[in-house]
Amino acid sequence: MAKKTILTADRPTGKLHIGHYLGSLKNRVALQNSGDYNTFIMIADVQAMTDNARNPEKIRNSLIEVALDYLAVGIDPAKSTILVQSQIPALNELTMYFLDLVTVSRLERNPTVKSEIQQKAFGQSIPAGFLVYPVSETADITAFKADTVPVGDDQEPMMEQAREIVRTFNTTYNTDVLVEPQGYFPPKGQGRLPGLDGNAKMSKSLNNAIYLSDSADELRQKVMSMYTDPGHIHVSDPGKVEGNMVFTYLDIFDPDQAHVAELKAEYQAGGLGDVKIKRYLNEVLENEFGPIRARREEFAKDIPAVYEMLKQGSIKANEVAEQTLQEVRNAIGLNYFN
Ligand code: TRP
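Residues numbered from 1 in each chain as written. Predicted model: local features only at pLDDT ≥ 70, side-chain atom pairs only at ≥ 80, totals over all residues. Heavy atoms only, no water.

Enumeration according to the criterion identifies two cavities of 30 Å³ or more in this entry. When its volume is computed, the largest cavity comes out at roughly 60 Å³. For the largest cavity, the full set of lining residues is T8, G23, S24, N27, R28, P150, V151, G152, Y184, F185 and P186. The element best represented in the lining of the largest cavity is helix 1 (residues 18–34), accounting for four residues. Partitioned by chemical class, the residues of the lining of the largest cavity number five nonpolar, five polar and one charged. Volume-wise, the second largest cavity comes out at about 40 Å³. Lining the second largest cavity are I18, I210, Y211, L212, D214, L219, F289 and R293. Partitioning the lining of the second largest cavity into residue classes produces six nonpolar, no polar and two charged. (1 Å grid on protein atoms, 1.4 Å probe; cavity = no way out; pocket = protein on both sides within 12 Å on 5 of 7 lines; lining within 4 Å. Points joined across faces, edges and corners; volume = space filled by probe spheres on them. Helix = DSSP H or I, 4+ residues; strand = E, 2+ residues; numbered from the N terminus. Nonpolar A, V, L, I, M, F, W, Y, C, P; charged D, E, K, R; others polar.)

Now the structure itself:
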């Protein structure tokens with residue numbers, strides 16, 4: 001059977017946190033190591049520009065942080081092609097052709113983009129590039145002929161839009177050069193990590209995240225600050241486990257679930273203090289993320305080597321994208337000189 005092709009991407013607007021790890025990085029490493037896929041992993045700096053055009057140093061700095069996060073979690077450049085979006089010129093040309101096959105009103109209806117526009121409070125000043133970023137994602141996916149796109153379930157509208165563009169392209173130009181992608185979603189209820197403060201989502205802007213690059217001290221301080229049960233004042237008080245972030249995290253990260261069940265029973269009965277369970281959670285998280293942090297520190301010792309890895313991945317990706325672009329030009333008939 002022919003190998004399937006995966007494309008995944010992250011916008012470099014900061015360091016990656018353990019929510020990214022749980023929701024996507026961990027899964028990517030598993031898919032990479034399965035050997036069943038050609039894997040392309042893109043650092044989407046051009047997409048990050050769509051709402052950071054006046055702050056490119058943030059993106060430049062984040063690029064290397066994200067690359068280090070990838071290497072730290074076990075994304076292996078010998079198995080996965082790690083590429084930088086801005087270094088693949090074909091993506092821009094593909095985007096231009098695709099833009100002519102969607103309407104502005106269709107873009108305005110994309111629910112994911114709609115809610116992001118709300119969140120970002122652009123008001124009347126939505127950057128045009130932001131509105132059309134689903135079209136550029138379609139270029140990202142199709143340039144590598146990816147059939148499988150691992151994303152969170154909020155990204156289904158992107159996949160739908162990408163499929164529409166692919167179908168419209170193939171029908172309009174009577175071709176089959178473009179491949180329709182399918183989203184590859186985490187199992188229901190899995191993959192989303194709440195923030196330290198109990199907010200449903202861990203995110204940089206909410207200041208409730210644990211980063212893969214956090215030191216052991218930072219990790220411990222963050223665990224100690226976690227939201228538990230505000231009604232649990234004295235150690236002897238019965239405590240609530242539901243909505244208590246320490247137990248939510250233990251449910252997710254502790255391999256010893258029998259022990260978690262015992263701790264819950266003890267906590268609910270009264271007699272187990274927050275400091276104690278937080279110390280225990282810190283140990284659990286340290287076991288999972290300590291080795292990742294150590295690997296990250298190793299890779300960070302040789303930043304030029306990390307840039308070289310990105311360069312080699314981008315060169316390789318560029319060849320694939322150029323090939324697709326030629327096929328696209330041929331399909332449209334914009335191949336005057338060959
Ligand atoms: N939108 C994605 C994010 O915010 C990044 C991305 C860019 C992407 N191009 C893509 C995701 C193509 C899937 C497919 O992280």
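Having seen the model, we can carry on.
What follows deals with the site of the ligand. Contacts to the ligand come from L7, A9, D10, R11, A44, Q47, E137, D140, I141 and V149. Within the contact set of the ligand, a nitrogen atom lies 2.7 Å away from a side-chain nitrogen or oxygen of D140. Of all the elements in the fold, those that place two or more residues in the shell around the ligand are strand 1 (4–10) and helix 8 (133–143). Of the residues assigned to the shell around the ligand, the class counts are five nonpolar, one polar and four charged. (Near = heavy atom within 4 Å. Polar contact = N/O pair within 3.5 Å; in protein donor to acceptor, adjacent residues only side chain to side chain.)

Another aspect to go through is the packing of aromatic side chains. A complete count under the given rule lists ten aromatic pairs for this structure. Seen in terms of ring centroids, F98 and F169 are 6.0 Å apart; in terms of plane orientation they differ by 80°. Their pairing is edge-to-face. Taken together, the residues span a long stretch of sequence, with F98 in helix 4 (residues 90–99) and F169 in helix 9 (residues 156–172) at a distance of 71 residues. Under the relative-accessibility criterion, F98 is labelled buried at 0%. F169 gets classed as buried once you look at its relative accessible area, which sits at 0%. Judged by centre distance (5.9 Å) and plane angle (65°), the rings of Y336 and F337 are edge-to-face. (Phe/Tyr/Trp six-rings, centres within 6.5 Å; stacked < 30°, edge-to-face > 60°. Buried < 20%, exposed > 50% of the residue type's maximum accessible area, 1.4 Å probe, protein only.)

This brings us to the layout of surface pockets. Volume-wise, the largest pocket comes out at about 1,800 Å³. Contributing elements (two or more residues each) for the lining of the largest pocket: strand 1, helix 1, helix 6 (111–120), helix 8, strand 4 (148–150) and helix 9. Residue composition of the lining of the largest pocket, by class: 15 nonpolar, 20 polar and 15 charged. Put simply, the second largest pocket is a space of about 180 Å³. Every residue lining the second largest pocket is counted, 14 residues in all, and those nearest its centre are V46, N92, T95, V132 and S136. Contributing elements (two or more residues each) for the lining of the second largest pocket: helix 2 (45–49), helix 4 and helix 8.

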